[in-house]
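# Working through the structure, step by step
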Amino acid sequence: MNRRTTLRTLAAAALLAALPAFAAVEVAGVKFDDSITLAGQPLKLNGAGVRTKVIFKVYAAGLYLTEKKTTVPEVLAVAGPRRVAITMLREVSSDDFGKAFLEGLNANTSKEERSKILPQITKFGEVFAQTPALKKGDQLSLDWTPNEGTQCYLNGKKLGELMPDQAFYNAVLRIWLGDKPVDSSLKPALLGEK
């Protein structure tokens, strides 16, 4: 390469590096932005994947954190806001979704842990009772905001009450990230291993 070509290449690389990144990760046709803002703080997509049951793709999920983490203890210890973003890939009744939620929670928490967060588990169950079904394309967000709590949104609309205990949010995260995750291929995807 001659000097002029080298300078042009370096100038082009510098220009590209200066452009903001608007890239998105696509999973099963669902796009997850590389970054979002929650409670005034930027969050990065830690990982995204698909929840499959038997052979059916149920939903695509993305985990957003203030900084990327690769282990479950690191994810659970994040001090800032967090989001689990879910886009439904098929219709699921609220009964089935609620039942899967409870099974995942029970499999990944002790009886003692569940007793401490029982009021919030009950409130969360009531959230699903408000909606007869989650339809294909519906977007569910589970947000944790420090000093406030967990808030659930369906298609951008608040569902249910704010649940204040971080132990509850961490118990919900363990549905996907615990020792017995609901989908063993989704866990490494959310941890950014795929």
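One structure accompanies this document, and this report is about it. Every chain's residues receive numbers from 1 upward, in the order its sequence appears when written. Only residues with pLDDT of at least 70 are given local features in this predicted model, and only at 80 or more are side-chain atom pairs given and counted; all residues enter the totals for whole chains, interfaces and linings. The side-chain figures draw on all heavy atoms in the structure; neither hydrogens nor water molecules are used.

## Brief notes about a nonpolar patch on the surface
Selection criterion: Surface patches are drawn from residues lacking salt bridges whose relative accessible area is over 30%; two like charges belong together within 9 Å, two nonpolar side chains (Val, Leu, Ile, Met, Phe, Trp, Tyr) within 5 Å. Every accessible area reported is derived by Shrake-Rupley at a probe size of 1.4 Å, with residue values counting cover from the shown protein chains alone. One side-chain nitrogen of Lys or Arg within 4 Å of one carboxyl oxygen of Asp or Glu is enough to make a salt bridge. Helix and strand labels come from DSSP, where a helix needs a run of H or I of at least four residues and a strand needs a run of E of at least two; each type is numbered from the N terminus. For the exposure calls, accessible area comes from a 1.4 Å probe over protein chains only, and a residue counts as buried if that area is under 20% of its type's maximum, exposed if over 50%, partly exposed in between.
A cluster of nonpolar side chains, namely Val 54, Ile 55 and Phe 56, defines an oily patch on the protein surface of about 370 Å² accessible area. Tracing the backbone shows Val 54 in the loop between β4 (41–53) and β5 (56–65). Residue Val 54 is classed as exposed on the basis of its relative accessible area, which comes to 75%.

## So, the pattern of salt bridges
Per the counting criterion, the structure on display carries 5 salt bridges. Among the ionic pairs, Arg 174 bridges to Glu 113, the shortest N-O distance being 2.6 Å. Of the two residues, Arg 174 is situated in helix α6 (residues 166–177) and Glu 113 in helix α4 (residues 111–116); the sequence distance between them amounts to 61 residues. Lys 123 serves as the salt-bridge partner of Glu 161, at 3.4 Å between the closest nitrogen and oxygen. Within this pair, whereas Glu 161 is found in strand β11 (residues 157–163), its partner Lys 123 is found in helix α5 (residues 118–129), the two being separated by 38 residues in sequence.

## What to know about the sheet that holds strand β6 (residues 82–88)
Our working rule: Here, strands pair whenever DSSP counts at least two bridges between them. For helices, the fitted axis covers only the stretch in contact; all axes are lines through C-alpha atoms, and the angles between them, taken along N-to-C directions, range from 0 to 180 degrees.
Taken in spatial order, the 7 strands of this open sheet run β3-β4-β5-β6-β9-β10-β11, and their pairing is antiparallel. Where the open sheet ends on each side, the last strands, each with one partner, are β3 (35–38) and β11. Neighbour to neighbour, the strand axes of the sheet diverge by 25° on average, direction disregarded. When β5 meets β6, the two strands line up antiparallel, connected through 6 bridges. What sits directly across from Leu 63, in β6, is Val 84.

## Some details on the packing of aromatic side chains
Operational definition: What counts as a ring pair is set by centres within 6.5 Å for rings of Phe, Tyr and Trp (its six-membered ring), and what kind of pair is set by the plane angle: stacked under 30 degrees, edge-to-face over 60, tilted for all other angles.
The tally for this structure, following the rule as stated, stands at 4 aromatic pairs. With a centroid separation of 5.5 Å and 65° between ring planes, the pair formed by Phe 124 and Phe 168 is classed as edge-to-face. In this pair, Phe 124 is assigned in helix α5 and Phe 168 in helix α6, connecting sequence segments 44 residues apart. In this structure, Phe 124 and Phe 168 share a single accessibility class: buried. For the pair Trp 144 and Tyr 169, a centre-to-centre distance of 6.2 Å together with 40° between the ring planes defines the contact as tilted. Placement of the pair is Trp 144 in strand β9 (residues 139–145) and Tyr 169 in helix α6, with a sequence separation of 25 residues.

## Quick look at the environment of Ala 133
Put simply, the test is: Any two residues whose heavy atoms approach within 4.5 Å at even a single point are treated as in contact.
Here Ala 133 is to be found in strand β8 (residues 133–134). Classification of Ala 133 as buried rests on a relative accessible area of 11%. When the C-alpha atoms of Ala 133 and Glu 91 are compared, they prove to be 6.8 Å apart, with 42 residues separating the residues in sequence. Sequence-distant contacts of Ala 133, that is, excluding residues within four places in its chain, are made with Glu 91, Val 92, Ser 93, Ser 94 and Asp 138.

## Here's the deal with the packing of helix α3 (residues 94–108) against α5
Filter applied, for reference: Each angle gets one of four labels, with under 35 degrees taken as roughly parallel, over 145 as roughly antiparallel, 65 to 115 as roughly perpendicular, and the rest as oblique. By definition, any crossing whose near helix is turned counterclockwise from its far helix by less than a right angle is left-handed, and any crossing with a clockwise turn is right-handed.
Relative orientation of the contacting elements α3 and α5 amounts to 155°, with a least axis distance of 9 Å. With respect to their mutual orientation, α3 and α5 come out roughly antiparallel. Where α3 crosses over α5, the handedness of that crossing is right-handed. Residues Ser 94, Phe 97, Gly 98, Phe 101, Leu 102 and Leu 105 of α3 form the contact with α5, whose own contacting residues are Ile 121, Phe 124 and Phe 128.

## A closer look at the nonpolar core
Most often, soluble globular proteins have nonpolar side chains that are buried together. What counts here: We define the nonpolar core as a collection of buried residues of types Ala, Val, Leu, Ile, Met, Phe, Trp, Tyr and Cys that are connected through side-chain atoms lying within 4.5 Å of one another.
In terms of nonpolar packing, the biggest core is built from 40 residues, with Tyr 59 and Trp 176 touching the most fellow members. In terms of residue count, the dominant contributor to this core is α6 (8 residues). Among all residues touching Tyr 59, those that are not within four sequence positions of it are Gly 49, Val 50, Arg 51, Ile 86, Thr 87, Met 88, Leu 89, Phe 97, Trp 176, Val 182 and Leu 186. Formed by 13 residues, the second largest nonpolar core is a distinct cluster that contains Val 30, Ala 48, Val 50 and Leu 89.

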